[in-house]
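# Summary of the model geometry
What follows is the residue order along each chain.
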Amino acid sequence: QVQLVESGGGLVQTGGSLRLSCAASGRTFSSYTMGWFRQAPGQEREFVASIKWNGRNTQYADSVKGRFTISRDDAKNTVYLQMSNLKAEDTAVYYCAAKSGRALYAATGNYDYWGQGTQVAVSS
């Protein structure tokens, strides 16, 4: 069982930056692929980024490539999402997710565990 707790959300102006954190419980964090998803009001949850268990392979949605960076610190059982050059369309609740496996995963159905989400609002 893995419990995930996100933090770092808030209100930021267009062009600004935020860093989201996701703290995970459990001793097997290093064996999990970790992902970030987001959900805007009235829309489906969508993939943002994922990182393999080894930290060396990542995958991004086209809409965030070049602006967002996912990383992990296995010593702290934490995964991060550094968001830069934020746009109004990045406004959403951001969720952290964990999947026991060796690949990169972009579908919500792939993931076994989810956090409660953290709100990001970008004002124009």
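Scroll up to find the structure this text is about.
Below or above, wherever it landed, is the structure these notes cover.

Criteria and thresholds
Residues numbered from 1 in each chain as written. Predicted model: local features only at pLDDT ≥ 70, side-chain atom pairs only at ≥ 80, totals over all residues. Heavy atoms only, no water. Phe/Tyr/Trp six-rings, centres within 6.5 Å; stacked < 30°, edge-to-face > 60°. Lys NZ or Arg CZ within 6 Å of the ring centre and 35° of its normal. Pairing = 2+ DSSP bridges. Helix = DSSP H or I, 4+ residues; strand = E, 2+ residues; numbered from the N terminus. Axes fitted to C-alpha atoms, helices over the stretch in contact; angles between N-to-C directions.

## A word on the packing of aromatic side chains
In the structure shown here, the tally under the stated rule is six aromatic pairs. By the ring-pair criterion, three or more aromatic residues cluster together here, those being Phe37, Phe47, Tyr105, Tyr111 and Trp114. If you follow Arg45 out to its NZ or CZ, it ends over the ring of Tyr95, 3.6 Å from the centre. Its guanidinium or amino end placed over the ring of Phe29, Arg72 lies 4.6 Å from that ring's centre, counting from NZ or CZ.

## With respect to the sheet that holds strand E7 (residues 68-73)
What holds strands together in a sheet is hydrogen bonding between their backbones, with the strands either parallel or antiparallel. One open sheet accounts for four strands, arranged E1-E3-E8-E7; its pairing is antiparallel. Each end of this open sheet is capped by a strand with a single partner; those strands are strand E1 (4-7) and E7. Ignoring which end each strand starts from, the neighbouring axes of this sheet average 15° apart. Summarising the sheet, E1 and strand E3 (residues 18-24) pair through four bridges and their orientation is antiparallel. Within E3, the residue paired with Leu4 across the bridge is Ala24.

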